Amino acid sequence: MTPEHGFEHPDVIICPGGPLLLRGDHVVEDADGVAHETVRPVSAVCRCGKSADQPWCDGTHKVLAARDRP
Amino acid sequence: MLLPKARGELSEALFDTLRSESEVEGLDLRPTDGDDAHIALWAMYELHYAGFEDVDDEREWNPEVLRLRRRLERDFEAELRARHTATTLDEPFAEGLFAYIAHHDGPSLAAHVQRKADREQVLELLRHRSIYHLKESDPVAWSVPRLPTAPKAALMELQYDEFGGGDPNRLHAHLFALGLEASGLRADPFAYIDDVPVEILELNNAMSLFGLHRRLRAASLGHLAAFEATSSLPSRRMAQGLARLELPQEMIAYYEEHVEADAVHEQLAVRTICGALVAAEPHLVDDVVFGAFTCLDLEDRYAQRMLDEWVAA
Ligand code: FES
Ligand SMILES: [Fe+2]
Ligand SMILES: [Fe+2]
């Protein structure tokens, strides 16, 4: 069944305890001021600060204690 | 490519009749063992992918072949279901599914590759992995026309990235082929099929089983979710292990791409794909979990087998 106002399809999705998903093409500046272009239909921006692949999420948030997750 | 080597009475009868010009017949045999059943099933599935040079393309839909396929599939699905214990996921769904996957504990091949494996072991692993990675994401593509609107769009959003976003140079299966070639290995599809253990055949057959049956569409997507959600961190370990052993940059790049891509794909698979499926068809949640379990369990069985073999050597 189709929802009354169409399907949800946000440009930005905040994943609880995990990254921020960005749909479409963007330039993301990391904490050191370096600009990174997105290369895929959806990109995951790290919110926990612990990814070794900044500014992108690399799944590291999953091994953090609950209190250290965003 | 030609049919693989038979592994028992049933696969021998099947491959003989597939190659022959006469009517398909003589398939009412019991498989000798798991190897025999799974190489037969794998070859019948392969008729739906690239096929074989020594088999007439017509035989993809031969009723005798389909009858045998169905018999082996029923046995295989019954075995997979017997291994699985039904579980109720915590709410909300996405957090529940992530937690279910995270709580599953199993042996890690990636940790072995990162720290201890030697070059021979890693090359063996890559040969085994080539059976799937050279058609990466193809089995779940069968599920696309079997889905309602929201999960269908979501699955295509993920698949578009697996298939390179329209650029063949970035298609994941192709990146793996480049890695194989640079490593001095063969990159033609299933070149190493005769060398793989039954656990690899089971891994591949489970994905085709789930993909080719509309009834099992939820298991197909649950499998995808577990696969993606156990990929980023192990891919980083694989990349580090390959670098330690000085394997070529092309092979390392394949795993590095999966660190980043699968950190996105796990969120999509769990939230926008499986989440949208169970929102549209709530009764399918048990099969999502069944598919996720099957992915994790078959990976464990393969990892345990290889770690045991390498320790014994
Ligand atoms: S949010 Fe995933 S690694 Fe930081
Ligand atoms: Fe991939
Ligand atoms: Fe992926």
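Draft legend 1. Local environment of the overall build of chain A. Scanning chain A from terminus to terminus reveals 0 helices and 5 strands. Viewed in the frame of its principal axes, chain A has a C-alpha envelope of about 45 × 30 × 15 Å. Across the 70 residues that make up chain A, the buried fraction comes to 40%.

Draft legend 2. Local environment of the coordination of the iron ion (ligand 2). All names here are of chain B. Ligation of the iron ion (ligand 2) by protein atoms is provided by Glu136 (OE), Glu162 (OE), His172 (ND1) and His258 (NE2), these donors lying 1.9 to 2.2 Å from the ion. Here the iron ion (ligand 2) is ringed by 4 donor atoms whose angles at the metal span 80 to 166 degrees, and the overall shape comes out irregular. Between consecutive donors of the iron ion (ligand 2), the numbers of intervening residues give the motif E-x25-E-x9-H-x85-H. A spacing of 3.7 Å is found between the iron ion (ligand 2) and the iron ion (ligand 3), which share glutamate 162 as a donor. Placement of the pair is glutamate 136 in the loop between helix 6 (119-133) and helix 7 (138-141) and histidine 172 in helix 9 (residues 172-182), with a sequence separation of 36 residues.

Draft legend 3. Main features of the sheet that holds strand 1 (residues 12-14) of chain A. Spatially, the 3 strands line up as an open sheet ordered 1-2-5 (chain A), and their pairing is antiparallel. A strand with exactly one partner marks an edge of an open sheet, and here the two such strands are strand 1 and strand 5 (42-45) of chain A. Taking the axes of each pair of neighbouring strands and ignoring which way they run, one obtains an average angle of 20 degrees across the sheet. In the sheet, strand 1 of chain A pairs with strand 2 (residues 20-23) of chain A via 3 bridges, with the strands oriented antiparallel. Looking at the pairing, A:Val12 lines up with A:Leu22 of strand 2 of chain A. Against the sheet, helix 13 (residues 249-280) of chain B engages strand 1, strand 2 and strand 5 of chain A, with an angle of about 105 degrees to strand 5 of chain A.

Draft legend 4. Region of interest: empty space enclosed by the protein. All names here are of chain B. Scanning the model with the defined rule gives 1 cavity of 30 Å³ or more in all. Computed from the structure, the largest cavity encloses a volume of approximately 160 Å³. For the lining of the largest cavity, the element with the highest residue contribution is helix 11 (residues 217-229), accounting for 5 residues. Grouping the constituent residues of the lining of the largest cavity by class yields 7 nonpolar, 4 polar and 4 charged.

Draft legend 5. Geometry of the domain arrangement of chain B. All names here are of chain B. Split by domain assignment, chain B resolves into domain 1 (9-82) and domain 2 (89-312). The straight-line distance from the C-alpha centre of domain 1 to that of domain 2 is 25 Å. In this assembly, 19 residues from domain 1 lie in contact with 24 residues from domain 2. Both sides together, the interface formed by domain 1 and domain 2 hides about 2000 Å², and carbon and sulfur atoms give 65% of it. The largest share of the area that domain 1 buries against domain 2 comes from Trp42, Tyr49 and Leu80, three residues that together contribute 34% of it. Connecting domain 1 to domain 2 are 3 salt bridges. Along the contact surface separating domain 1 from domain 2 lie 7 residue pairs in polar contact (both at pLDDT 80 or more).

Draft legend 6. Inspection of the interface of chain B and chain A at higher detail. Of the residues lining the interface, 22 residues belong to chain B; the matching set on chain A comes to 24 residues. For the pairing of chain B and chain A, the buried interface totals around 1800 Å² over both sides, and the portion due to carbon and sulfur atoms is 58%. By the criterion of area lost to chain A, the three top residues of chain B are B:Glu157, B:Leu233 and B:Glu260, representing 29% of everything that side buries. The tally of links from chain B across to chain A stands at 6 salt bridges. Between A:Asp58 and B:Arg236 there is a salt bridge whose closest N-O contact spans 2.7 Å. The interface formed by chain B and chain A contains 6 residue pairs in polar contact (both at pLDDT 80 or more). It is helix 13 of chain B that provides the largest number of residues to the side of chain B that touches chain A, a total of 11 residues.

Draft legend 7. Focus on the packing of helix 2 (residues 34-46) of chain B against helix 3 (residues 63-83) of chain B. Residues and elements named next belong to chain B. Direction vectors running N to C along helix 2 and helix 3 enclose 125 degrees, while the axes themselves pass 10 Å from each other. Compared by their axis directions, helix 2 and helix 3 come out oblique. For the element pair helix 2 and helix 3, the recorded crossing hand is left-handed. Note on element contacts: helix 3 touches helix 2 through Val65, Leu68, Arg69, Leu72, Glu73 and Phe76, opposite Ala37, His38, Ala40, Leu41, Met44 and Tyr45. Class assignment for the residues of the contact of helix 2 with helix 3 results in 9 nonpolar, 1 polar and 2 charged.

Draft legend 8. Here's a closer look at the packing of helix 6 of chain B against helix 9 of chain B. Residue and element names in this part refer to chain B. At a minimum axis distance of 10 Å, the contact between helix 6 and helix 9 shows a crossing angle of 155 degrees. Compared by their axis directions, helix 6 and helix 9 come out roughly antiparallel. Taken as a pair, helix 6 and helix 9 cross one another with a handedness that is left-handed. Counting all contacts with helix 6, which are made through Leu126, Arg129, Ser130 and His133, the residues of helix 9 involved are Ala173, Phe176 and Leu180. For the contact of helix 6 with helix 9, a count of residues per class yields 4 nonpolar, 2 polar and 1 charged.

Draft legend 9. Summary view of the pairing of strand 5 of chain A. Residues and elements named next belong to chain A. Burial of the side chains of strand 5 extends over both faces: Val42 and Ala44 are buried on one face and Ser43 and Val45 on the other. Here strand 2 runs beside strand 5; their pairing, made up of 4 bridges, is antiparallel. In the sheet register, leucine 20 faces strand 5, and the bridge partner there is valine 45.

Reading the values: rules and limits
Residues numbered from 1 in each chain as written. Chains lettered and ligands numbered in written order. Predicted model: local features only at pLDDT ≥ 70, side-chain atom pairs only at ≥ 80, totals over all residues. Heavy atoms only, no water. Helix = DSSP H or I, 4+ residues; strand = E, 2+ residues; numbered from the N terminus. Buried < 20%, exposed > 50% of the residue type's maximum accessible area, 1.4 Å probe, protein only. Donors = N, O, S within 2.8 Å, 3.2 Å for Na, K, Ca; no water. Tetrahedral: all angles 85-135°; square planar, octahedral: opposite > 155°, others 65-115°. Pairing = 2+ DSSP bridges. Axes fitted to C-alpha atoms, helices over the stretch in contact; angles between N-to-C directions. Contact = heavy atoms within 4.5 Å. 1 Å grid on protein atoms, 1.4 Å probe; cavity = no way out; pocket = protein on both sides within 12 Å on 5 of 7 lines; lining within 4 Å. Points joined across faces, edges and corners; volume = space filled by probe spheres on them. Nonpolar A, V, L, I, M, F, W, Y, C, P; charged D, E, K, R; others polar. Domains from an automatic or database assignment. Buried area = accessible area lost by both parts, 1.4 Å probe. Salt bridge = Lys/Arg side-chain N within 4 Å of Asp/Glu carboxyl O. Polar contact = N/O pair within 3.5 Å; in protein donor to acceptor, adjacent residues only side chain to side chain. Parallel < 35°, antiparallel > 145°, perpendicular 65-115°, else oblique. Left-handed = near helix turned anticlockwise from the far one by under 90°.

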